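Structure at a glance
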Amino acid sequence: MATDVAARGIDIENISLVVNYDVPLEKESYVHRTGRTGRAGRSGKAITFVTPFENRFIGEIEEYIGFEIPQVDLPNDAIVAARKQAFDEKMEEAPVVKKDKSAALSKDIMKIYFNGGKKKKLRAVDFVGTIAKLEGISADDIGIITIEDNVSFVEILNGKGAQVVKAMQTVTVKGKKLKVSKARR
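Along each chain, residues carry numbers from 1 onward, in the same order as the chain's sequence is written. Per-residue local features of the predicted model are confined to residues with pLDDT of at least 70, and side-chain atom pairs are confined, for both listing and counting, to 80 or more; whole-chain, interface and lining totals are unaffected and use all residues. For the side-chain quantities, the full set of heavy atoms in the structure was used; hydrogens and water were omitted.

Quick look at the overall build of the chain
The helix count covers DSSP runs of H or I at least four residues long, the strand count covers runs of E at least two residues long, and both are numbered beginning at the N terminus. Tallying secondary structure elements over the chain gives seven helices and six strands in all. Starting at the N terminus and ending at the C terminus, the chain contains elements arranged as α-β-α-β-α-α-α-β-α-β-β-α-β. The classification of residues rests on relative accessible area computed with a 1.4 Å probe and restricted to protein chains. Under 20% of the type maximum is buried, over 50% is exposed, and intermediate values are partly exposed. Counting the 185 residues in the chain, one finds 26% classified as buried. Any two residues whose heavy atoms approach within 4.5 Å are treated as being in contact. Considering only intrachain contacts with a sequence separation of at least 6, the fraction spanning at least 24 residues in the chain is 66%. All accessible areas in this document rest on Shrake-Rupley with a 1.4 Å probe, and a residue is counted as covered only by the protein chains that are shown. Just so you have it, the chain exposes about 13600 Å², and 55% of that area is on carbon and sulfur atoms.

Given below as structure tokens:
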């Protein structure tokens, strides 16, 4: 389930509805799934579809969370028929597409590749110290640094990536001359 992934430390803002198509086997998973809604003072709903077999797990979850989960019966055919027109009209509405806030930020970011990493005993502080000393660059222009065994990647912000790549052709990192280029990934 997607919310099981989201419950593992990824914070996704403004989730107003979680639908459990089955009852989680672990009580903690139910709390994590439904806890994705109503964050930071907002409200949210959680709907869980329960089969007769799964009913016994609901009692355990209620005991764990300290309150009773309201139960609602499925709507009968008459209710479904009465609300069908409103549903069909809603389905015809074009969705409102929100602007991607990160797109504007990402366009000024360049990921830079360095051919040295943990095996050359390089650390994030080595890259920050070296890059922040370059003319016209500060620590505020440095984003995420990823150091792998043999390579490192540094995100340069504010449209200064090309400037850093050019300057790093003649500069060492922790006394080591590294190949530097715009990252392919």
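Some details on unusual backbone geometry
For Lys 121, which is not a glycine, the phi torsion comes out positive at approximately 60°. Take Lys 121: it is sitting in the loop between strand S3 (110–114) and helix H6 (124–132).

A look at the packing of aromatic side chains
Between the rings of Phe, Tyr and Trp (Trp by its six-membered ring), a pair exists once the centres lie within 6.5 Å; its type follows the angle of the planes, with under 30 degrees stacked, over 60 edge-to-face, and the other angles tilted. Taken as a whole and assessed by the stated rule, the structure comprises three aromatic pairs. Of note, Lys 111 hangs over the ring of Phe 153, and the distance from its end group to the ring centre comes to 5.6 Å. Here, a charge over a ring means that NZ of Lys or CZ of Arg falls within 6 Å of the ring centre while also lying within 35 degrees of the ring normal.

Description of the layout of surface pockets
Any empty space left between atoms is shown by rolling a water-sized probe over those atoms. Cavities and pockets are defined on a 1 Å grid built over the protein atoms alone: a cavity is a set of grid points where a 1.4 Å probe fits but cannot escape, while a pocket is an open set with protein on both sides within 12 Å along at least five of seven lines, and lining residues are those with an atom within 4 Å of any such point. Grid points are joined across faces, edges and corners, and a volume is the space filled by probe spheres set on the points. Size it by volume and the largest pocket reaches roughly 920 Å³. When contributions to the lining of the largest pocket are tallied by element, the ones reaching two or more residues are helix H2 (27–34), strand S2 (45–48) and helix H3 (55–65). Among the elements that take part in the lining of the largest pocket, S2 stands out by supplying four residues, more than any other. Throughout, the ten residues Ala, Val, Leu, Ile, Met, Phe, Trp, Tyr, Cys and Pro are labelled nonpolar, Asp, Glu, Lys and Arg are labelled charged, and all others, Gly among them, are labelled polar. Its residues placed into classes, the lining of the largest pocket shows 16 nonpolar, five polar and two charged.

Quick look at the nonpolar core
Residues belong to a common nonpolar core when they are buried Ala, Val, Leu, Ile, Met, Phe, Trp, Tyr or Cys residues joined through side-chain atoms within 4.5 Å. Among the nonpolar cores identified, the biggest contains 18 residues, and Ile 112, Phe 114, Phe 127, Ile 131, Val 164 and Met 168 are the most heavily contacted of them. Listing elements by their share of this core, those giving two or more residues are S3, H6, strand S4 (142–147), strand S5 (152–156) and helix H7 (161–167). It is S3 that contributes the most residues to this core, three residues altogether. With near-sequence residues (within four places) excluded, Ile 131 lies in contact with Phe 114, Ile 137, Ile 142, Val 154, Ile 156, Val 164 and Met 168.

Quick notes on the pattern of salt bridges
For this document, the term salt bridge refers to a Lys or Arg side-chain nitrogen within 4 Å of an Asp or Glu carboxyl oxygen. One pass over the structure, following the stated rule, counts five salt bridges. Between Asp 126 and Lys 174 there is a salt bridge, and its shortest N-O distance comes to 3.9 Å. Remark: Lys 174 occurs in the loop between H7 and strand S6 (180–182) and Asp 126 occurs in helix H6; sequence separation between them is 48 residues. For Asp 126, a relative accessible area of 10% translates into the label buried. Here Lys 160 ties to Asp 141 by a salt bridge, and the two come within 3.0 Å at their closest N and O atoms. Here Asp 141 lies in the loop between H6 and S4 and Lys 160 lies in the loop between S5 and H7, a separation of 19 residues in the sequence. Here the residues in one salt-bridge network are Arg 123, Asp 126 and Lys 174, joined through shared partners.

Comments concerning the confidence of the model for the chain
Scored by pLDDT, the chain comes out at a mean of 85, with 86% of its residues at no less than 70. The pLDDT value expresses, per residue, how confident the predictor is, ranging between 0 and 100. Here residues 3–7 scores under 50 on pLDDT; set against residues more than four positions off or in separate chains, the count is ten contacts.

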